[in-house]
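Secondary and tertiary structure notes
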Amino acid sequence: MQLPNALPIAQGVRLWPQALNPAQQSELLEVVLSTTAQAPFLRPTMPRTGTPFTVTQTNFGTLGWVSDAQGYRYQAHHPVTGQPWPPIPSLLLRLWHAALPDAPDPHCCLVNHYRDGARMGLHQDRDETALDVPVLSISLGADALFRLGGTSRKSPTQSLKLRSGDLLVFGGAARLAFHGIDRILAGSSDLVPGGGRINLTLRRV
Ligand code: MD6
Ligand code: FE
């Protein structure tokens, strides 16, 4: 897997628009959905309040990111089935190493499933100790409006449209930048069965 030069979006943020062509997107989605048969999507809840997320989630890898009343954490087992998360499919590992040639294998691939109306509030990815390694984000399905800020919640933000097949790397000065998904553009893709968007974020923990 060879990637062309990325577009610089901000310090530490690089975007490969449509790095995956439609056939590659379908192949990746097929691999992802078939792997979720071993680790079904679940709807996490917010720490303390117990408010359900508007997305559903699952993970691949040795560690998965979970959220429930007890807080945010990484754990080795699916909270409902009690089984280890399935391994990260080799196709995803190849994309990781193409985007981040110097990084060791990721521990975690968090899979977010957005139906129309789902969103993700402004947050930092900071539950990892490996903050020196970037996060790779891969988008499949409906277009999404991604909000990118700075390292303070009050930093100015910009909006970026993420489309199916886009790869986004978040590292360096942006590794702790606030970001979120304002909304999904309903009907913009029919890749994901039933509509919506799947986002994969791969990281070292
Ligand atoms: C999403 N992405 O695109 C959510 N996190 O659905 C993230 O939360 C994210 O895109 C860290 C780095 C890149 C990301
Ligand atoms: Fe994030």
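Residues numbered from 1 in each chain as written. Chains lettered and ligands numbered in written order. Predicted model: local features only at pLDDT ≥ 70, side-chain atom pairs only at ≥ 80, totals over all residues. Heavy atoms only, no water.

**Section: the pattern of salt bridges**
Evaluated as defined, the whole model comprises 5 salt bridges. Notably, a salt bridge pairs Arg-73 with Asp-68, separated by 2.7 Å at the nearest N-O pair. Put simply, Asp-182 and Arg-147 hold a salt bridge, and the shortest N to O gap is 2.8 Å. Of the two residues, Asp-182 is situated in strand β12 (residues 179–184) and Arg-147 in strand β9 (residues 144–148); the sequence distance between them amounts to 35 residues. Accessibility expressed as a relative area gives 26% for Arg-147, which makes it partly exposed. (Salt bridge = Lys/Arg side-chain N within 4 Å of Asp/Glu carboxyl O. Helix = DSSP H or I, 4+ residues; strand = E, 2+ residues; numbered from the N terminus. Buried < 20%, exposed > 50% of the residue type's maximum accessible area, 1.4 Å probe, protein only.)

**Observations regarding the site of ligand 1**
Taken together, Tyr-114, His-123, Asp-125, Val-135, Ser-137, Phe-146, Phe-170, His-179, Ile-181, Arg-197, Asn-199 and Thr-201 make up all the residues around ligand 1. One nitrogen or oxygen atom from the side chain of Ser-137 is found 3.0 Å from an oxygen atom belonging to ligand 1. Separating an oxygen atom of ligand 1 from a side-chain N or O atom of Asn-199 is a distance of 3.2 Å. When ligand 1 is considered free in solution it has 350 Å² of accessible area, and contact with the protein chains removes 99% of it. Those elements giving two or more residues to the shell around ligand 1 turn out to be β8 (135–141), β12 and β13 (197–203). At 3 residues, β13 tops the list of elements feeding residues into the shell around ligand 1. For the shell around ligand 1, the class distribution of residues is 5 nonpolar, 5 polar and 2 charged. (Near = heavy atom within 4 Å. Polar contact = N/O pair within 3.5 Å; in protein donor to acceptor, adjacent residues only side chain to side chain. Areas by Shrake-Rupley, 256 points an atom, 1.4 Å probe, with all protein chains shown as cover. Nonpolar A, V, L, I, M, F, W, Y, C, P; charged D, E, K, R; others polar.)

**Overview of the sheet that holds strand β11 (residues 167–170)**
Remark on secondary structure: sheet strands pair via backbone hydrogen bonds, oriented parallel or antiparallel. Pairing is antiparallel in the open sheet, where 7 strands are placed in the order β1-β2-β11-β8-β13-β6-β3. Sheet topology places β1 (7–10) and β3 (56–61) at the edges, where each strand pairs with a single neighbour. Each neighbouring strand pair of the sheet contributes to a mean axis angle of 20°, computed without reference to strand direction. As paired elements, β1 and strand β2 (residues 13–16) share 3 bridges and run antiparallel to each other. For Ala-10, the partnering residue across the bridge sits in β2 and is Val-13. (Pairing = 2+ DSSP bridges. Axes fitted to C-alpha atoms, helices over the stretch in contact; angles between N-to-C directions.)

**Concerning helix α1 (residues 22–35)**
Its 14 residues give α1 an end-to-end C-alpha distance of 20 Å, which sits within 8% of 20 Å, the value for a rise of 1.5 Å per residue. Along α1, the residues classified as buried are Gln-25, Leu-28, Leu-29, Val-32 and Thr-35. In a view along the axis of α1, the buried residues occupy a sector of 130°, so they form one face of it. Away from its buried face by more than 90 degrees, α1 exposes Ala-23 and Glu-30. At its buried positions, α1 is contacted by β3, α2 (90–99), β6 (108–114), β8 and β13. Its side-chain oxygen 3.0 Å from the backbone nitrogen of Ala-23, Asn-21 forms the N-cap of α1. (Expected span 1.5 Å × (residues − 1). Arc of directions from axis to C-beta. Contact = heavy atoms within 4.5 Å.)

**Focus: the pairing of β13**
Taking burial as the measure, the 7 residues of β13 include 7 buried ones, the bulk of the element. Here β8 runs beside β13; their pairing, made up of 6 bridges, is antiparallel. Within β13, the position partnered with Leu-140 by the bridge is Ile-198.

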